[in-house]
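# Topology and contacts: notes
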Amino acid sequence: PTPSSAFVRQVASAIAIGRSQPSDSQVLPVDFLHGVASGDPLSDAVVIWTRATPRGLVGPPTFPDGVMVATTGVNLIWEVWPEEAGAAPNRSGSVVAKEERDFTVKVDVTSLQFGVPYAFRFRDGVVSSPVGHFRLPPPGGDALASLRYAIFSCSSWQWGSFAAYAHAAQQKLDFWVHLGDYIYESGGEAMLDSYEAMKRSPTQPTHELLSLADYRERHTQYRTDPDLQSLAGAAPMIPIWDDHEVTNNDWMHGAESHAASQDGDFEARKNAAMRAYHEWMPTRHSAAPDAPLMRWRDFQFGDLAQLLVLETRLLARTQRPALEGEHMRELLVGAVAAAQGGGVLPAPTEWGGSALEGKFKELKTMAEKSRWQENSRLLGFEQLTWISEKVANASARGVRWNLLAQQLRQPLASPNFEEALHRAQMSSDEGVRSRSGIWDSAWANATTAHLGQASYLKDSLRPSIPSPDENQRHDISPQMRTWALAALAAGRYGINTDFEGWDGYLAERQRFVDALSQGGASGAGKMVVYGGDSHNAWAGLVRGHAGKVVAHEFDGMSVTSRGEEYHTPWLPSDLRNAAWVAANKDLAWADTQHRGYMLVSLSHEAHKVSYLAVDTTLPGTTGKSMCLATFVSVEGQDAFRKETC
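To keep things clear, this report deals only with the structure shown in the data block. No experiment lies behind these values; they were computed from the predicted model shown.

Let us now look at the packing of aromatic side chains. Counting across every chain of the model gives 30 aromatic pairs. Judged by centre distance (5.2 Å) and plane angle (65°), the ring pair of Trp351 and Phe360 falls under edge-to-face. Measuring from ring centre to ring centre gives 5.3 Å for Trp502 and Phe512, while their planes differ by 10°; the resulting arrangement is stacked. Taken together, the residues Trp502 in the loop between α12 (478-493) and α13 (506-517) and Phe512 in helix α13 connect sequence positions 10 residues apart.

What follows is about the sheet that holds strand β8 (residues 118-123). Pairing between the strands of a sheet comes from backbone hydrogen bonds, and it takes one of two forms, parallel or antiparallel. The sheet built from 4 strands is open, its strands ordered β6-β5-β8-β9 with antiparallel pairing. The open sheet terminates on both sides in strands that have one partner only, identified here as β6 (91-97) and β9 (132-134). The sheet shows a mean angle of 25° between the axes of neighbouring strands, taken without regard to direction. Of the strand pairs in this sheet, strand β5 (residues 74-82) and β8 are connected by 6 bridges, and their pairing is antiparallel. By the bridge assignment for β8, Trp78 is matched with Phe122.

This part covers the packing of helix α10 (residues 417-426) against helix α14 (residues 573-583). Close contact between α10 and α14 brings their axes to 8 Å; oriented N to C, the two are set at 100°. Here α10 is positioned roughly perpendicular relative to α14, judged by the angle of their axes. The residues of α14 that touch α10, namely those facing Phe417, Glu419, Ala420 and Arg423, are Leu575, Arg576, Ala578, Ala579, Val581 and Ala582. Of the residues in the contact of α10 with α14, the class split is 7 nonpolar, no polar and 3 charged.

One number sums up the size of the second largest pocket: a volume of about 580 Å³. For the lining of the second largest pocket, the secondary structure elements donating two or more residues are α8 (355-371), α13 and β21 (537-543). It is α13 that provides the largest number of residues to the lining of the second largest pocket, a total of 4 residues. Split by residue class, the lining of the second largest pocket holds 10 nonpolar, 7 polar and 7 charged.

Parameters and conventions
- Residues numbered from 1 in each chain as written.
- Predicted model: local features only at pLDDT ≥ 70, side-chain atom pairs only at ≥ 80, totals over all residues.
- Heavy atoms only, no water.
- Phe/Tyr/Trp six-rings, centres within 6.5 Å; stacked < 30°, edge-to-face > 60°.
- Helix = DSSP H or I, 4+ residues; strand = E, 2+ residues; numbered from the N terminus.
- Pairing = 2+ DSSP bridges.
- Axes fitted to C-alpha atoms, helices over the stretch in contact; angles between N-to-C directions.
- Parallel < 35°, antiparallel > 145°, perpendicular 65-115°, else oblique.
- Contact = heavy atoms within 4.5 Å.
- Nonpolar A, V, L, I, M, F, W, Y, C, P; charged D, E, K, R; others polar.
- 1 Å grid on protein atoms, 1.4 Å probe; cavity = no way out; pocket = protein on both sides within 12 Å on 5 of 7 lines; lining within 4 Å.
- Points joined across faces, edges and corners; volume = space filled by probe spheres on them.

As structure tokens, this is what we get:
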């Protein structure tokens, strides 16, 4: 849409007289519609951000007859002050919000004191922005007793409210980390039923993002969310992108979801996406059109911890190996479907020694060959070397904890439903044994050989969200049964069906673990890896050579994006969780049905992480929330322990 004629006249007038205006004068009346943010905290500096929206501007700025406001822009004053009673701004300056940066501004405020609670704001002489808050950590080696921070990933506008942000804003955080998929590039209406997600306006723009204007408009929409604004103003953000900030399953030079014939040049799209990202995020990185990609970076928190923020998408990732042009899951489903005769699918009890079993073993071999390709890269040599040096020198620099934030979930074998059922039947816990009967019935229904004779009772997706049809029976379709048998085969024969994350880059994962092993005494109990991307929650051990535990890994659930519960509603959620744990000896816990975030409390003695689930059907803190699990890591112990929330 184009601006109103009155707004265009204002712009033209501002350009005509712009050079006669004082540097701190108002060129155009503005509103601060997108809140404020701070980010990339150092011991003496932080980046503060806002967007000054010229009054009358609707949608992305497009001006007739080549009229632009970049010549003068909007003059703003920024102010920072200690939050002690009666304190006045003691750091201030001027900055120009220009059209060429989508009217966003970032200021790297320096010469600040660590440990001091600060407030900040922007103003144009008439209107003031909301007030934001931050507190900076001491430099590496200085004393710091504790930290409190939150970790997020995968926040799709279409899948519900950002209630996780509002919940975290009340936690008195020192900082918060976003591991990527902060925005999503897809278009379309909200995709859930009204009981499953808060009614949202359609994404803006409604089509898939391709151009700079597209990405800017989507970032603009996200920043209107009051829950995101509340967290952005409460504590500094440390972000890194994943794939959806550009497009689905991207790598250095392309993406699974990018077709040059219809989407244009990938490099141009990537550069546009990254430019908009840095315009709208409080990163210590230029948003200039010719700026190189932001690299991996580290943050020091006194003598308590260092946080290494890794990049696994656009700097070194190679294209994942193709499996005869198809995904392994499709090959598995195809093998099952091809084996049916007379409308009857082969029962799992009949697989032993059959041609179908031979096909499954063939697919297993194919998958492992693909997963272990030596030349497949995610981090790259330079970043791996940097990680090795950082963790190797941590103790010498007085660092107690090594924390690594990266986008991906730990590599896992496909869930083994048969083993999970067997363990439940053999359990000494009467409650678990009683659940095994329900699990057995659900799985028998889904995999019965004769089509059209079974139904299932829908498992409640999330306990806090009652489904109107969870007490109604649903038919199990032939397609669903075929998929269930394929999933059963994947677990029984150890066939991996995910090649997008670490699971598809196992040689690189081994190089990453080798880099962590350089930490020596800073290993088990003092080395923690965080991940996202999968939309579900996981807690496990990272092992190096000879089975030595070198780190604990905690991968968080999404803010809103749907997880495994949407793909297998016919399975009880606790069976799904148990099947993942049964298939992976180093996986201690899994949750595949909740949305939320991880909350971490860190001291010299312990790392404590809680998985907090929120209700995404309601905004803010009006919905229910719950603690799913809490795990504590301490120095010198290979395993973390589970504690009561």
